[in-house]
Amino acid sequence: MGFCLFGNAAIGAHYARTRLGAERVLIVDWDVHHGNGTQALVEHTPEIHFVSMHQWPWYPGTGPAEDRGPHGSVWNVPMAAGRSREAYVAAFLSAVDAAVVGFTPDLVLISAGFDSLAGDPLGGFTLELDDVDRLTREMVSRAEQWCGGRLVSTLEGGYAPDRLGEACVVHLGALG
Ligand SMILES: [Zn+2]
């Protein structure tokens, strides 16, 4: 719908399954917008689980919690703008943990959108750099438990250039 030319995370998940021997892939998306393109590209493949936390109501208007995809392999987490940082972190991690019940991923992909930081001109979430650090470390820790740490992160949104740069540095540092 205009933000992305390719669905990088979805392409990566399908490539890992068809070419690299992965069976189960988890995609987690903390970009402030619903990962509507990713969901469209993976929701028919139940071996790919997709978690998207996003501002609601907000562009593009998709991703209500009751939209679980045709196989129940999608976890949408719509969240109001302006809530506490901890509310976003807790809701996100709770959905991640729900998405792996009975499903141990071989690979974790992060749709790392930093338009979920406070001050982004296209979003109303309140996350700070410390939250980027925490969310990243939480995902690294889980990937170590699930699949020997196999995790790939893809940059998505972020429309305050200075903040985006800082978030990338923190994120990369926390990835180790
Ligand atoms: Zn976004």
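As shown above, the structure is provided for reference.
What comes next is a walk through the structure. (Residues numbered from 1 in each chain as written. Predicted model: local features only at pLDDT ≥ 70, side-chain atom pairs only at ≥ 80, totals over all residues. Heavy atoms only, no water.)

Brief notes about empty space enclosed by the protein
For clarity, the threshold we go by: The way it works is a 1 Å grid over only the protein atoms, where trapped points that fit a 1.4 Å probe form a cavity and open points with protein on both sides within 12 Å along at least five of seven lines form a pocket, and then any residue with an atom within 4 Å of a point lines it. Grid points are joined across faces, edges and corners, and a volume is the space filled by probe spheres set on the points. Note on residue classes: Ala, Val, Leu, Ile, Met, Phe, Trp, Tyr, Cys and Pro are nonpolar, Asp, Glu, Lys and Arg are charged, and everything else, Gly too, is polar.
Scanning the entire structure with this criterion turns up 1 cavity of 30 Å³ or more. Considered as a void within the structure, the largest cavity measures approximately 30 Å³ in volume. Forming the walls of the largest cavity are Phe-114, Leu-117, Ala-118, Gly-119, Asp-120, Gly-158, Tyr-159, Ala-160, Arg-163 and Leu-164. Looking at side-chain class alone, the lining of the largest cavity contains 6 nonpolar, 2 polar and 2 charged residues.

Description of a nonpolar patch on the surface
Heads up, the condition is: Patch membership requires over 30% relative accessible area and the absence of a salt bridge. Like charges are linked within 9 Å, and nonpolar side chains (Val, Leu, Ile, Met, Phe, Trp, Tyr) within 5 Å. Note on areas: Shrake-Rupley with a 1.4 Å probe; residue coverage comes only from the protein chains shown. Should a side-chain nitrogen of Lys or Arg be within 4 Å of a carboxyl oxygen of Asp or Glu, the pair is scored as a salt bridge. Comment: elements are numbered from the N terminus, with helices defined as DSSP H or I runs of at least four residues and strands as E runs of at least two.
Taken together, Met-1, Phe-3, Trp-58, Tyr-59, Leu-122 and Tyr-159 make up a surface patch of nonpolar side chains, about 610 Å² in accessible area. Structurally, the position occupied by Met-1 is in the segment before helix 1 (8-19).

Looking at the sheet that holds strand 1 (residues 25-29)
So the rule is basically this: In this description, strands pair whenever DSSP reports at least two bridges between them. Every axis corresponds to a line fitted to the C-alpha atoms, with the helix fit spanning only the stretch in contact, and the corresponding angles, defined between N-to-C directions, vary from 0 to 180 degrees. Only heavy atoms matter for contacts: two residues are in contact if any of them lie within 4.5 Å across the pair.
Overall, parallel pairing links the 5 strands, which are arranged 3-2-1-4-5 in an open sheet. At either end of the open sheet lies a strand with only one pairing partner, and these are strand 3 (74-79) and strand 5 (151-155). Across the sheet, the mean angle from the axis of one strand to that of its neighbour is 10°, orientation sign disregarded. With respect to the sheet, helix 3 (residues 85-99) is in contact with strand 1, strand 2 (48-55) and strand 3, its orientation differing from that of strand 3 by roughly 170°. Contacts from helix 5 (residues 161-175) reach strand 4 (107-112) and strand 5, with the element oriented near 175° to strand 5.

Digging into helix 4 (residues 129-147)
Three- or four-residue spacings in an α-helix give side chains the same orientation, since the helix completes a turn every 3.6 residues. How we decide: Helices are assigned an expected span. That span is 1.5 Å times one less than the residue count. Buried means the residue's accessible area, taken with a 1.4 Å probe over protein chains only, is under 20% of the maximum for its type, while exposed means over 50%, and partly exposed covers the values in between. Think of the arc as the fan of directions from the helix axis to the C-beta atoms.
The end-to-end C-alpha distance of helix 4 is 26 Å, a good match for the 27 Å that 19 residues give at a rise of 1.5 Å each. Along helix 4, the positions that sit buried rather than exposed are Asp-131, Val-132, Leu-135, Thr-136, Met-139, Val-140, Arg-142, Ala-143, Trp-146 and Cys-147. Summarising the axial view, the buried residues of helix 4 lie within an arc of 165°, below the 170-degree limit, and thus occupy one face. The outward face of helix 4, more than 90 degrees from its buried face, is lined by the exposed residues Asp-130, Glu-144 and Gln-145. Here the buried face of helix 4 lies against strand 1, helix 3, strand 4, strand 5 and helix 5. Phi turns positive one or two residues past the end of helix 4, at Gly-148, with a value near 65°.

Details of the coordination of the zinc ion
Just so we agree on the cut-off: Any nitrogen, oxygen or sulfur atom within 2.8 Å of a metal ion counts as a donor, with the limit raised to 3.2 Å for Na, K and Ca, and since water is left out, coordination shells can look unfinished.
Within the protein, Asp-31 (OD), Asp-31 (OD), His-33 (ND1) and Asp-115 (OD) serve as the donor atoms for the zinc ion, at 1.9 to 2.8 Å. With a relative accessible area of 9%, His-33 lands in the buried category. Judged by relative accessible area, Asp-115 falls into the buried class, the value being 0%.

Side note on the layout of surface pockets
In this structure, the largest pocket occupies an estimated 520 Å³ of space. Residue lining of the largest pocket: 25 residues in total, with Phe-3, Cys-4, Asn-36, Gly-37 and Glu-156 positioned closest to the centre. Of all the elements in the fold, those that place two or more residues in the lining of the largest pocket are helix 1 and helix 2 (36-42). A total of 4 residues in the lining of the largest pocket trace back to one element, the largest contributor, which is helix 2. Tallied by class, residues from the lining of the largest pocket come to 11 nonpolar, 10 polar and 4 charged.

Quick notes on the packing of aromatic side chains
What counts is decided by this rule: Under the pairing criterion, centres of Phe, Tyr and Trp rings, with the six-membered ring standing for Trp, must be within 6.5 Å; the plane angle then separates stacked pairs below 30 degrees from edge-to-face pairs above 60, leaving the rest tilted. Put simply, a charge is over a ring when the Lys NZ or the Arg CZ is close to the ring centre, within 6 Å, and near the line of the ring normal, within 35 degrees.
Summed over the entire model, instances satisfying the criterion amount to 4 aromatic pairs. Taking the centre distance of 5.8 Å and the plane angle of 70° together, the rings of Trp-30 and Phe-92 count as edge-to-face. Taken together, the residues span a long stretch of sequence, with Trp-30 in the loop between strand 1 and helix 2 and Phe-92 in helix 3 at a distance of 62 residues. A relative accessible area of 2% places Trp-30 in the buried class. Phe-92 sits in the buried class, given a relative accessible area of 0%. Taken together, the ring pairs connect Phe-3, Tyr-59 and Tyr-159 into an aromatic cluster. The aromatic ring of Trp-75 is capped on one face by Arg-68, whose charged end is 4.5 Å from the ring centroid.

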